[in-house]
Amino acid sequence: DRWSLTAGGRYSDDQKDFVASSVKISGPGLLLVEQFENVASSDSWDNFSWRLAADFRASEDILLYGSISTGYKAGGFIGSPSTVEAATTPFDEETAINYEIGFKGDMLDRHLRLNVAAFFMDIEDLQVTRFFQPLGNNFGEFLTENAGEAESQGVELELIYQPTAALQLGGSYAYLDATYTDFQGAPSVEPDGSIIEGADFNGNQMRLSPEHSFNVYAHLTHEAEWGLVWARLDYRYQDEFFFDPSNSPITASPSYSIWDARIAYETLDGHWQFSLWGKNLGDEQYLAHLFTQRGGRISFGLPGDPRTYGVSIEYNF
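Just so it is clear, the structure is predicted and the values come from calculations on it, not from any experiment. (Residues numbered from 1 in each chain as written. Predicted model: local features only at pLDDT ≥ 70, side-chain atom pairs only at ≥ 80, totals over all residues. Heavy atoms only, no water.)

When helices and strands are tallied, the protein chain shows one helix and 18 strands. Oriented by its inertia axes, the alpha-carbon framework of the protein chain measures out at about 70 × 50 × 40 Å. In the protein chain, which comprises 317 residues, the share counted as buried stands at 33%. If you take every contact in the protein chain between residues at least 6 apart in sequence, the share linking residues at least 24 apart comes to 61%. A total of about 18,300 Å² of accessible surface is found on the protein chain, and carbon and sulfur atoms cover 54% of it. Here the protein chain holds 19 positive side-chain charges and 47 negative ones, and the gap between their average locations is 5 Å. (Helix = DSSP H or I, 4+ residues; strand = E, 2+ residues; numbered from the N terminus. Buried < 20%, exposed > 50% of the residue type's maximum accessible area, 1.4 Å probe, protein only. Contact = heavy atoms within 4.5 Å. Areas by Shrake-Rupley, 256 points an atom, 1.4 Å probe, with all protein chains shown as cover. Lys, Arg positive; Asp, Glu negative; His and termini not counted. Charge placed at Lys NZ, Arg CZ, Asp CG, Glu CD.)

In terms of nonpolar packing, the biggest core is built from 11 residues, these being Ala96, Ile123, Leu126, Val128, Ala147, Ala150, Ala178, Tyr180, Phe183, Phe201 and Met206. Of all the secondary structure elements, the ones that give two or more residues to this core are strand S5 (112-132), strand S6 (141-161) and strand S7 (167-182). With three residues, the top contributor of residues to this core is S5. Setting aside anything within four residues of it in sequence, one finds alanine 150 in contact with Met121, Asp122, Ile123, Leu126, Thr179, Tyr180, Thr181 and Met206. Counting residues in each nonpolar core, the second largest holds eight residues, with Phe18, Trp45, Ala74 and Phe77 among its members. (Core = buried A, V, L, I, M, F, W, Y, C linked by side-chain atoms within 4.5 Å.)

Overall, the coordinates contain seven salt bridges when judged by the stated rule. Among the charged side chains, a salt-bridge network with shared partners connects Glu60, Asp61 and Arg110. (Salt bridge = Lys/Arg side-chain N within 4 Å of Asp/Glu carboxyl O.)

This paragraph deals with the packing of aromatic side chains. According to the stated counting rule, one finds 17 aromatic pairs in the structure shown. Taken together, the aromatic side chains of Trp226, Tyr265, Trp272, Phe274, Tyr315 and Phe317 make up a single cluster linked through ring pairs. Directly above the ring of tyrosine 217 sits arginine 232, whose terminal nitrogen or CZ lies 4.1 Å from the centroid. (Phe/Tyr/Trp six-rings, centres within 6.5 Å; stacked < 30°, edge-to-face > 60°. Lys NZ or Arg CZ within 6 Å of the ring centre and 35° of its normal.)

A sheet is described by the order of its strands in space; here 12 strands give the open sequence S1-S2-S3-S4-S5-S6-S7-S10-S11-S14-S15-S18, paired in antiparallel fashion. On the outer flanks of this sheet lie strand S1 (3-22) and strand S18 (308-315), each paired with one strand and no other. Across the sheet, the mean angle from the axis of one strand to that of its neighbour is 15°, orientation sign disregarded. Sheet topology note: the strand S10 (residues 212-224)/strand S11 (residues 227-238) ladder contains 12 bridges and is antiparallel. Opposite serine 213, over in S11, you have glutamine 238 as the bridge partner. (Pairing = 2+ DSSP bridges. Axes fitted to C-alpha atoms, helices over the stretch in contact; angles between N-to-C directions.)

A grouping of Ile263, Trp272, Phe274, Leu276, Val311, Ile313, Tyr315 and Phe317 is seen on the molecular surface, where their side chains present a nonpolar patch of about 910 Å² in accessible area. Among the elements of the structure, strand S15 (272-279) and S18 are those that each provide at least two residues to the nonpolar patch. Within the element layout of this structure, leucine 276 appears in strand S15. (Patch = residues over 30% accessible without salt bridge, like charges linked within 9 Å, V, L, I, M, F, W, Y side chains within 5 Å.)

Turning our eyes to something else, we now look at the pairing of strand S3 (residues 62-73). Two elements, strand S2 (residues 36-59) and S3, share eight bridges in a ladder whose sense is antiparallel. Residue pairing for S3: phenylalanine 56 is matched across the bridge by leucine 64. Between S2 and S3, which pair antiparallel in sequence order, lie two residues. Pairing between S3 and strand S4 (residues 94-107): 12 bridges, direction antiparallel. Bridge assignment links lysine 73 to a residue of S4, and that residue is glutamate 94.

On to the environment of alanine 264. Along the chain, the position of alanine 264 falls in strand S14 (residues 256-266). Taking the C-alpha atoms as reference points, alanine 264 and leucine 143, 121 residues apart in sequence, are found 45 Å from one another. Among residues more than four places away in sequence, those in contact with alanine 264 are Leu228, Val229, Trp230, Gln273, Phe274 and Ser275.

Okay, the side chain of serine 152 next. With respect to the element layout, serine 152 can be found in strand S6. Setting aside residues up to four positions removed in sequence, serine 152 forms contacts with Phe119, Phe120, Met121, Leu176, Asp177 and Ala178.

In this fold, alanine 231 is placed in strand S11. Among the residues examined, alanine 231 registers a relative accessible area of 28% and is labelled partly exposed. Between the C-alpha atom of alanine 231 and that of histidine 219, which follows or precedes it by 12 residues, the distance is 5.8 Å. Leaving out residues up to four positions away in the same chain, alanine 231 has contacts with Ala218, His219, Leu220, Arg262 and Ile263.

Structure below.
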């Protein structure tokens, strides 16, 4: 009665047909190395993924578990090829195996819920998209290539506390150590025409992988004869991370913190909701996207949304 075992499997068979054209309509055509029309290519990938898990019910309110699972992402073709070779050369499928152990528990007469998980993931042929200047291209292009191997490990914690029926406090924390262990990037070219051999990204932090991140929130609810009123305040923190596997300082996103808030009124029948909300109340400046050009010496960044206020009216059928 205290143990349960789970096993599952999935077979996938993917085929992709791709047709690309690269034609200059007007202007200098900086992104075009070759001009071509209706170049077609196709490829297929198949995979069997599986999962094994064991749960142990230590008590009525405590659950311990462990699992081993595999994952798969089909290969494909890059979205903006600049040459016929790039248009007809697919990147490989990505596979991973993940080991996880965890704890789920209700405490303090079920007023407190704590979930903790630790994991280690071994990834092969990780699909990495980046913007760089390959051989024969005077400007640069987006390229998806396979990192031979990568590892991701970490700990995740979630906490929910309900001290009263009206008030809920909660949050989560994640520690992540994600690195490339075998990744040799494609050769690139400098503005002066000199060739740079494939960059060695081994040991670098995986892109878009902050080491620390957490969020906390407070949710207050008041129910009356005329409807339901609730208010919520959220705070989230994101550690520094990189937009590019080179881990160059010019591709770094500094750490940032965001405050959001919302107050809402709902009718008793649940059909109508009126809310006043604000996002990024501290008007924090942060990057939503970034890519580099000219051998990583220039970066172009897209800022995240500034302080934003709004009113929403919703009707639920």
